Amino acid sequence: MSTILVKHRDDLASKTGMWFFLFTELLLFGGLFIVYSVYRYRNATAFHLAAQELSVFIGTINTIILLVSSTTIAMSITAIRKQNKKFAVVLLGLTIILGLAFLVNKYFEWGEHFKEHIYPGSSILALRGHGDVLFYGLYFFMTGLHALHIIIGLIFILVITISILRNRITSDNYVLLENSGLYWHLVDLIWIFLFPLFYLIT
Amino acid sequence: MSTQKDIEEPSYLDYKGKYKGIFSWILSTDHKRIALLYLYSILAFFATGATIGLLMKFELIAPGKTIMTAQTYNAFFTLHGIIMIFAVVIPGLPAVFGNFLLPIMIGAKDVAFPRLNLLSWYFYVMGVSLVLISQFTGQGPPDTGWTFYAPYSFRTTGNMLPAVFGAFVLGFSSILTGLNFLVTIHRMRAPGMTWLKMPLFPWTLYATGWIQLLATPIIGITLLMIIAERTLHIGFFDPALGGDPILYQHLFWTYSHPAVYIMILPAMGAISEIIPTFSHKTLFGYNFMVASSLAIAFVGYFVWGHHMFTSGMSSTALYAFSLLTFLVAIPSAIKVFNWIATMHKGSIDLQTPFYWAMGFIFVFMIGGFSGLILGSLATDIHLHNTHFVLAHFHFIVFGGTGFAFFGAMHYWYPKITGKMYDSRWANIGLFLFLTGFLVLYGTMFYLGYEGMPRRYYDYDEIFHTGNIISTMGSWVLYSGLGIIIINLFASLKSGTKAPSNPWGGKTLEWSIPSPPPVENFKEIPVITKGPYSYK
Amino acid sequence: MKTIENEKNHIIPYKTFLFVLAGLIVLTLTSVTLTRISLGTMTVTIALIIAAIKSTFVLRIFMHLKFENKMFSIAFIGVILLLAAVITITLLDYLNR
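Only a predicted model underlies this, so the values are computations on that prediction, with no experimental measurement involved.

**Student:** It is not clear to me how the overall build of chain C should be interpreted in this structure. Could you clarify?
**Tutor:** The helix and strand inventory of chain C stands at three helices and zero strands. Element order for chain C, N to C, with α for helix and β for strand: α-α-α. Looking at the 97 residues of chain C, the share that counts as buried comes to 43%. Restricting to contacts in chain C with at least 6 residues of sequence separation, those with at least 24 account for 64%. When the accessible area of chain C is evaluated, it comes to approximately 5200 Å², of which 71% is carbon and sulfur surface.

Pasting the structure below:
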């Protein structure tokens, strides 16, 4: 059917659509922040103590990784607009590598917890009391959902990188790159809040 | 507004695209064809839900087991609720009439993201399929009610996962539709159509779009938490693990109350189109109508707690929610007053859509006022979870949205199909529908006030008479529904050809041929006047 | 061919991004250090304030809100206020139970 429609492009519409979608994502995590605030209020001490077991070091490293990756993808927009295709691809490749590094860190971090029998539904965790159960439940659910977003973001960026290589995204048609950037920044933005709420409330 | 009398372009129904047969529909990105895809799927699910409702009413004709066991009844009210709420009334007006008319009414050729639009329909079908799969697989169908209340929803042996995930997917479909409409309205209005020259139906879709966008994710995440709870035993809502089931109710209603406004706002928008057209008069208080739509959407976001007055919330929260609930009545009342004022001194043309609009106002008023009774803390203690609640929300959801849906159906039928329907049969159908409706649900107010609880397949002997009357009402309602739908389908063949503007409407959709050509407008119109410029 | 209308063809130089990145890393380390020192009940508040400052940078520079149509910023703030209102109303129940 689209053959008969006049092909015209509205970049601002795509970007508006992306922003509206990001609002949805914000509210999706927002629901979890509601749950977090209620249970933290009800189990303040337990949350406080449980948070001490998380590795602030890995958390900080991961925060910095995400911040750097946000910078690289933001820079790639500048690169593409300056018609520097090669540099843009390098920056996007860097973003993907950093995203993967984040996931690898996360994997080891979760692995440590699993070794200590801390995972949802674990009977050893249940013995430690309600506050710990809820803290780790939220921790795994929220960081897990965040990691899922990282994976989606990485796939999105990979597709964009290929489109750049195939010259589908160019210096005068780069709204998709911008949108993937927006998505990636949102994932970063959510991490900026997850980090203090889980690692720094000691 | 240029008139486009000469039909050279094929209509969207005749257009031969890349694909043939059924593929020209299920692969079409034309907003009009997608609207019809939604229409047919929604009608099918509506028929399913209505039949289940009919069977449940038949079960209640006598105390004790009549035709089904308690467990079947539980499964039935669950399925009835999920289908009717998530698959019929929430997408009903926006996905069918919004899709068909929004681009036309704002002078655009399609929605902003046509392929996303088609994807939303696929999500919709997937979601309903998952819900239906849950009925026939696993250890018995879900029996929690459409609200999936914790902790029962992760303790029951019923097959919850596909049903909950289905509702999640339906939410996704709803979000994408809302997003699409918002961007369409922001970016694609015809030149000269400033915000305040936009007709009311697009305006209500705009308000609805924001609710879809900002409320649906909350239930999305809540349903995911229920899934996690069932599979991983995280403990979010499990009192045995420190979770709080009332928090589930908070999150659930944070979406599901605004969802009521997803249902009713576009309904109000459709009524606001019908009434000026058949009164041949400008809509009274246009600015107030716009403002009240936005106010309903906004305030409606903060009243969710009135579903939980007896759940054990703190009394501060009770007072706050009761107050906010009363506030939301104000913009709704503004709308009713403005509709009446529009009719005042108009030259009223008594046609079927206008009767539906009248029916809408009548049942909506009853539903609205009974809502205030439930919104007061003291009376709610008595009426909570009784048939009174059942009657109230059927008056709003089925009475409000349903009447507006059929009103819109009869109003835009000539535009959509290019045929006129037999208005005599349509009126007979409406008369039976309204009579059956009032008998069926009106009696429930009385039953609930007397203390008959909802969601039981059995009841005390003292409620017997009321239930007999109510069940008989369901037969009248159902036959009225049958006549309406058969009439509409029969008119597809036998109806006379519809002119481009059969009712004398002033909005843009009446300026193009019926059925509309593929691209809607030959030339995008330039708007100079407000939407309802009579005289 | 229409290009993006409201962006006024603003290309952000690489340098700006690197400065912002440096700022963000400094803020991250500050908040980690500050929470190491016991600040009592203020810990979380301070950590969240720093997170809010960080997100403002990300939103305004990385996500271009500074250069975009004002509508985006207003809508974004609206969404955040809405979320804040929902959390507040929910806590209205829990704080008074």
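From this point, things continue past the structure.
**Student:** Looking at this model, I keep getting lost on the interface of chain B and chain A. Mind explaining?
**Tutor:** Across the contact, 41 residues belong to chain B and 34 residues belong to chain A. Taking both partners together, chain B and chain A bury about 3400 Å²; carbon and sulfur atoms supply 76% of that area. Among the residues chain B hides against chain A, the three largest losses belong to Arg-187, Ile-221 and Phe-236 of chain B. Together they make up 16% of the total. Between chain B and chain A we count two salt bridges in total. Of the charged contacts in the structure, one is a salt bridge between Arg-42 of chain A and Asp-244 of chain B, with a shortest N-O distance of 3.9 Å. Summed over the shared surface of chain B and chain A, the result is six residue pairs in polar contact (both at pLDDT 80 or more). Those elements giving two or more residues to the side of chain B that touches chain A turn out to be helix H5 (160-187), helix H6 (200-232) and helix H7 (245-279) of chain B.

**Student:** Quick question: what am I supposed to make of the environment of Phe-489 of chain B here?
**Tutor:** Examined against the element boundaries, Phe-489 of chain B turns out to sit in helix H14 (residues 464-494). In sequence terms Phe-489 of chain B and Tyr-421 of chain B are 68 residues apart; their C-alpha atoms lie 8.8 Å from each other.

**Student:** Before we go on, may I ask you to explain the packing of helix H7 (residues 175-199) of chain A against helix H2 (residues 42-62) of chain C in this structure?
**Tutor:** Between two packed helices, what matters for the description is the angle formed by their axes and the separation of those axes. Across the interface, H7 of chain A lies against H2 of chain C with an axial gap of 9 Å and an inter-helix angle of 170°. With respect to each other, H7 of chain A and H2 of chain C are oriented roughly antiparallel. In this structure, H7 of chain A uses His-185, Asp-188, Leu-189, Ile-192, Phe-193, Pro-196 and Leu-197 of chain A to contact H2 of chain C, whose residues at the interface are Ala-47, Leu-48, Ala-51, Ala-52, Lys-54, Ser-55, Val-58, Leu-59 and Phe-62 of chain C. Residue classes in the contact of H7 of chain A with H2 of chain C are distributed as 12 nonpolar, two polar and two charged.

The rules behind these values
Residues numbered from 1 in each chain as written. Chains lettered and ligands numbered in written order. Predicted model: local features only at pLDDT ≥ 70, side-chain atom pairs only at ≥ 80, totals over all residues. Heavy atoms only, no water. Helix = DSSP H or I, 4+ residues; strand = E, 2+ residues; numbered from the N terminus. Buried < 20%, exposed > 50% of the residue type's maximum accessible area, 1.4 Å probe, protein only. Contact = heavy atoms within 4.5 Å. Areas by Shrake-Rupley, 256 points an atom, 1.4 Å probe, with all protein chains shown as cover. Buried area = accessible area lost by both parts, 1.4 Å probe. Salt bridge = Lys/Arg side-chain N within 4 Å of Asp/Glu carboxyl O. Polar contact = N/O pair within 3.5 Å; in protein donor to acceptor, adjacent residues only side chain to side chain. Axes fitted to C-alpha atoms, helices over the stretch in contact; angles between N-to-C directions. Parallel < 35°, antiparallel > 145°, perpendicular 65-115°, else oblique. Nonpolar A, V, L, I, M, F, W, Y, C, P; charged D, E, K, R; others polar.

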